[in-house]
Amino acid sequence: KAGVTQTPRYLIKTRGQQVTLSCSPISGHRSVSWYQQTPGQGLQFLFEYFSETQRNKGNFPGRFSGRQFSNSRSEMNVSTLELGDSALYLCASSWETGGYEQYFGPGTRLTVT
Amino acid sequence: AQSVTQLGSHVSVSEGALVLLRCNYSSSVPPYLFWYVQYPNQGLQLLLKYTTGATLVKGINGFEAEFKKSETSFHLTKPSAHMSDAAEYFCAVRSSSGGSYIPTFGRGTSLIVHP
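Summarised in this report is the structure supplied together with it. From a predicted model like this one, the values you see are computed outputs, not experimental measurements.

## Considerations on the nonpolar core
Ranked by internal contacts, the top residues of the largest apolar core, which has 26 residues, are Trp35(B), Leu48(B), Leu76(B) and Tyr89(B). Breaking this core down by element, the ones donating at least two residues are β2 (10-14), β3 (19-26), β4 (32-38), β5 (44-50), β7 (64-68), β8 (73-78), β9 (87-97) and β11 (109-114) of chain B. In terms of nonpolar packing, the next biggest core, distinct from the first, is built from 21 residues, Ile26(A), Val32(A), Met76(A) and Leu81(A) among them.

So this is what it looks like as structure tokens:
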């Protein structure tokens, strides 16, 4: 069974631009979560989607948004990029939310200059 | 609100020695607890999880963890360290709050294994 895939793996953007990251979950998984990982703040939860609906949301500004499609693939968008948005963005999929284990993708490394 | 504290940002052991990575959590409701490992330039991989039932949980690669409710701890152990265990380890808690399951991760512990 193929794992979680994320595209692109690396991205360089300029302040003020917007970016869209993509995540394809493991086949059959209906829940997709997004995380931001930085050396300063560690691993922080952005949001979780289940069956195209946002189930849970972390404490991030509205510039961060996401969506999930009917095939469970998910995208996250960051508008008006700031230098502080430079991070590794991880996507994780699971069968359901709650206590179900999550399977992580390799991440997208975003650098904002 | 829930939180996770991992004691020690770096733990150094000799190959063959006991590995002990500490994790304490706070949660107002029974939590789901997880340990993940992250190798350089990779995503996180689940080592083990506790949901309900037996408090001693066995995971992959010889790791295990014990849920101690009275101590609000979920420490990760491995009897004998191997060079390949060198990585970053994250403890995570997930509990229900008004129907939401917001996961919280610890800051991570870097395990260094000396030959």
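## Concerning the environment of Val113(B)
Residue and element names in this part refer to chain B. Along the polypeptide, Val113 turns up in strand β11. For Val113, a relative accessible area of 8% corresponds to the buried category. Taking the C-alpha atoms as reference points, Val113 and Ser84, 29 residues apart in sequence, are found 8.2 Å from one another.

## Some remarks on the sheet that holds strand β7 (residues 64-68) of chain A
All names here are of chain A. Within the open sheet, the four strands sit side by side as β1-β3-β8-β7. Their pairing is antiparallel. Each having just a single partner strand, β1 (5-7) and β7 make up the two edges of the open sheet. Neighbouring strand axes in the sheet, compared pairwise and without regard to direction, differ in orientation by 20° on average. In terms of strand pairing, strand β3 (residues 19-24) meets strand β8 (residues 74-78) through five bridges, oriented antiparallel. Looking at β8, one finds that Val19 is bridged to Val78.

## A word on the interface of chain A and chain B
Contacts between the two partners involve 24 residues from chain A and, on the opposite side, 19 residues from chain B. Summing the contributions of chain A and of chain B, the shared interface buries around 1700 Å²; its carbon and sulfur component is 51%. The interface formed by chain A and chain B holds two salt bridges in total. The partner of Glu48(A) in a salt bridge is Arg94(B), with the nearest N and O atoms 2.6 Å apart. For the interface between chain A and chain B, the tally reads five residue pairs in polar contact (both at pLDDT 80 or more). Among the elements of the structure, β4 (31-38), β5 (42-50), β6 (53-57) and β9 (87-94) of chain A are those that each provide at least two residues to the side of chain A that touches chain B. When residues in the side of chain A that touches chain B are grouped by element, the largest group, four residues, is from β5(A).

## Remarks on the pairing of β9(A)
Residues and elements named next belong to chain A. Counted residue by residue, β9 has eight buried out of eight residues, so it is predominantly covered. Of the two faces of β9, the one holding Ala87, Tyr89, Cys91 and Ser93 and the one holding Leu88, Leu90, Ala92 and Ser94 are both buried throughout. Where β4 and β9 come together, seven bridges link them in antiparallel fashion. When the bridges of β9 are listed, Ser31 appears paired with Ser94. For β9 and strand β10 (residues 103-104), the ladder comprises two bridges, and the chain directions are antiparallel. Bridge pairing in β10 links Ser93 to Tyr103.

## Concerning the state of the cysteines
Tallying each qualifying case throughout the model produces two disulfides over all chains. Each sulfur of the disulfide joining Cys23(A) and Cys91(A) lies 1.7 Å from the other. Judged by the sign of its S-S torsion, about -55°, the cystine formed by Cys23(A) and Cys91(A) is left-handed. Of this pair, Cys23(A) sits in strand β3 while Cys91(A) sits in strand β9, and the two are 68 residues apart along the sequence. With a relative accessible area of 0%, Cys91(A) lands in the buried category. What pairs with Cys23(B) in a disulfide is Cys91(B), and their sulfur atoms sit 1.9 Å apart. Between Cys23(B) and Cys91(B), the S-S torsion sits near -65°, and that sign places the bridge as left-handed. Highlighted residues: Cys23(B) in strand β3 and Cys91(B) in strand β9, separated in sequence by 68 residues. You can call Cys91(B) buried: its relative accessible area is 0%.

Scoring rules and cut-offs
- Residues numbered from 1 in each chain as written.
- Chains lettered and ligands numbered in written order.
- Predicted model: local features only at pLDDT ≥ 70, side-chain atom pairs only at ≥ 80, totals over all residues.
- Heavy atoms only, no water.
- Core = buried A, V, L, I, M, F, W, Y, C linked by side-chain atoms within 4.5 Å.
- Buried < 20%, exposed > 50% of the residue type's maximum accessible area, 1.4 Å probe, protein only.
- Helix = DSSP H or I, 4+ residues; strand = E, 2+ residues; numbered from the N terminus.
- Pairing = 2+ DSSP bridges.
- Axes fitted to C-alpha atoms, helices over the stretch in contact; angles between N-to-C directions.
- Contact = heavy atoms within 4.5 Å.
- Buried area = accessible area lost by both parts, 1.4 Å probe.
- Salt bridge = Lys/Arg side-chain N within 4 Å of Asp/Glu carboxyl O.
- Polar contact = N/O pair within 3.5 Å; in protein donor to acceptor, adjacent residues only side chain to side chain.
- Disulfide = S-S within 2.5 Å.

So far we have only geometry, and geometry alone does not tell us how the molecule works.
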